[in-house]
Amino acid sequence: MPWFCYVEITNMDGSINHTGIVEKIEGSSVFVRIVQKSACSGCHAKHMCSASEQKDKIIEVPDHSGLYHLHEEVMITGKSSMGLQAVFIAFVLPLIFVIALTAFGIQMNWDESISGLFGLSMLIPYYGALYLFRKRLKKRFVFTLKKLN
C-alpha cells in the first residue's frame, strides 16, 4: 500500500488505526505523517465539492524499541476513547464555559453583548491553560506503532 493511502480501521477492541510514514526520529520519539481525510473524500463528486479535504498530520509517538526507520510504512494505533476525550476537552467543555459565563453575565444584568464577550473572552485563558498543560495531556493521549508487513 503506498504511503499516501489512508486507512482508518475501527476494531472491535475500540482501537483506531492509521497508516503512515516515519518522517523523523528524535531520541525516543518517532514522528509519523498520516493523511487525514474528510468523511466525504471518497465521493466521486469530491472535485466539485468544497467539503472534501485532505491534510497531512505529523503524529509524535513514543518508541524505545529502535525498530523503526525513516520512510518506513507503519500503523499508528490509538484508543477510540482518546478521540472522544480530545473532542470533549477541545470543543464541548469550552462551549459549556461560554454558555455558562454568558448566562452568568445575563443574570448579573449585564448587557447581552457584554455577557457574550465575557463568555467568549474566557476562552483565551482556557486554551492558554491547555497549552501550559500540553505535556501532561501528551502523556494522556499516547499512540503506539506497529510495523506493516
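Predicted model, so just to flag it, every value in this text is computed and none were measured.

Visitor: Help me out: how do you make sense of the nonpolar core in this one?
Guide: Among soluble globular proteins, nonpolar side chains are generally buried collectively. Counting 10 residues, the largest nonpolar core is built from Val-22, Val-30, Val-32, Ile-34, Ile-59, Val-61, Tyr-68, Val-74, Ile-76 and Leu-145. Looking at this core, the elements with two or more residues in it are strand E3 (29–37), strand E4 (54–62) and strand E5 (73–79). Among residues more than four places away in sequence, those in contact with Val-22 are Val-30, Phe-31, Val-32, Tyr-68, His-69, Leu-70, His-71, Glu-72 and Val-74.

Visitor: Any chance you could explain the packing of helix H1 (residues 80–107) against helix H2 (residues 112–121) here in plain terms?
Guide: Axes are the key here: two packed helices are described by the angle between their axes and the distance separating the axes. Interaxial distance between H1 and H2 falls to 8 Å at its minimum, and their mutual angle equals 145 degrees. When you trace H1 past H2, the crossing you get is right-handed. Counted together, Val-98, Leu-101, Thr-102, Phe-104, Gly-105 and Ile-106 of H1 and Ser-115, Gly-116, Phe-118, Gly-119 and Leu-120 of H2 form the full contact between these two elements. Class assignment of the residues belonging to the contact of H1 with H2 gives a composition of six nonpolar, five polar and no charged.

Visitor: Where do I start with the pattern of salt bridges in this structure?
Guide: When the charged atoms of two side chains lie near each other, side chains of opposite charge can form a pair. Inspection of every chain in the model, using the stated rule, returns five salt bridges. The closest approach of N and O atoms between Lys-24 and Glu-26, which form a salt bridge, is 3.4 Å. Lys-24 gets classed as partly exposed once you look at its relative accessible area, which sits at 38%. We classify Glu-26 as partly exposed; its relative accessible area is 44%. In this structure, the salt-bridge partner of Lys-147 is Glu-72, at a minimum N-O distance of 2.4 Å. Of the two residues, Lys-147 is situated in strand E6 (residues 144–147) and Glu-72 in the loop between E4 and E5; the sequence distance between them amounts to 75 residues. The class for Glu-72 is buried, based on a relative accessible area of 17%. One salt-bridge network, held together by shared partners, links Glu-23, Arg-33 and Asp-56.

Visitor: What's the story with the packing of aromatic side chains in this structure? I'm lost.
Guide: Within a pair of aromatic rings, the relevant descriptors are the distance that separates the centres and the angle that separates the planes. Taken as a whole and assessed by the stated rule, the structure comprises five aromatic pairs. Residues Phe-104 and Phe-118 carry aromatic rings whose centres are separated by 6.5 Å and whose planes lie at 40 degrees to one another, so their mutual orientation is tilted. You can see Phe-104 sitting in helix H1 and its partner Phe-118 sitting in helix H2, a full 14 residues away along the chain. A residue is classified by how much of its surface remains accessible, and Phe-118, at 23% relative accessible area, is partly exposed.

Visitor: Hey, could you run me through a positive patch on the surface in this one?
Guide: Taken together, the side chains of Arg-134, Lys-135, Arg-136 and Lys-139 present a region of like positive charge at the surface. For Lys-139, the position within the fold is in helix H4 (residues 134–140). Since its relative accessible area comes to 69%, Lys-139 is described here as exposed.

Visitor: Sorry, what's going on with the side chain of Ser-115 here?
Guide: Within the secondary structure, Ser-115 is located in helix H2. Judged by its relative accessible area of 0%, Ser-115 is buried. A distance of 3.4 Å separates the side chain of Ser-115 from the backbone oxygen of Gly-105, its partner in a polar contact. Engagement of the side chain of Ser-115 in a polar contact is seen with the backbone nitrogen of Ile-106, the distance being 3.2 Å. In contact with Ser-115, not counting residues within four places along its chain, are Leu-101, Thr-102, Gly-105, Ile-106 and Trp-110.

Procedures and definitions
Residues numbered from 1 in each chain as written. Predicted model: local features only at pLDDT ≥ 70, side-chain atom pairs only at ≥ 80, totals over all residues. Heavy atoms only, no water. Core = buried A, V, L, I, M, F, W, Y, C linked by side-chain atoms within 4.5 Å. Buried < 20%, exposed > 50% of the residue type's maximum accessible area, 1.4 Å probe, protein only. Helix = DSSP H or I, 4+ residues; strand = E, 2+ residues; numbered from the N terminus. Contact = heavy atoms within 4.5 Å. Axes fitted to C-alpha atoms, helices over the stretch in contact; angles between N-to-C directions. Left-handed = near helix turned anticlockwise from the far one by under 90°. Nonpolar A, V, L, I, M, F, W, Y, C, P; charged D, E, K, R; others polar. Salt bridge = Lys/Arg side-chain N within 4 Å of Asp/Glu carboxyl O. Phe/Tyr/Trp six-rings, centres within 6.5 Å; stacked < 30°, edge-to-face > 60°. Patch = residues over 30% accessible without salt bridge, like charges linked within 9 Å, V, L, I, M, F, W, Y side chains within 5 Å. Areas by Shrake-Rupley, 256 points an atom, 1.4 Å probe, with all protein chains shown as cover. Lys, Arg positive; Asp, Glu negative; His and termini not counted. Charge placed at Lys NZ, Arg CZ, Asp CG, Glu CD. Polar contact = N/O pair within 3.5 Å; in protein donor to acceptor, adjacent residues only side chain to side chain.

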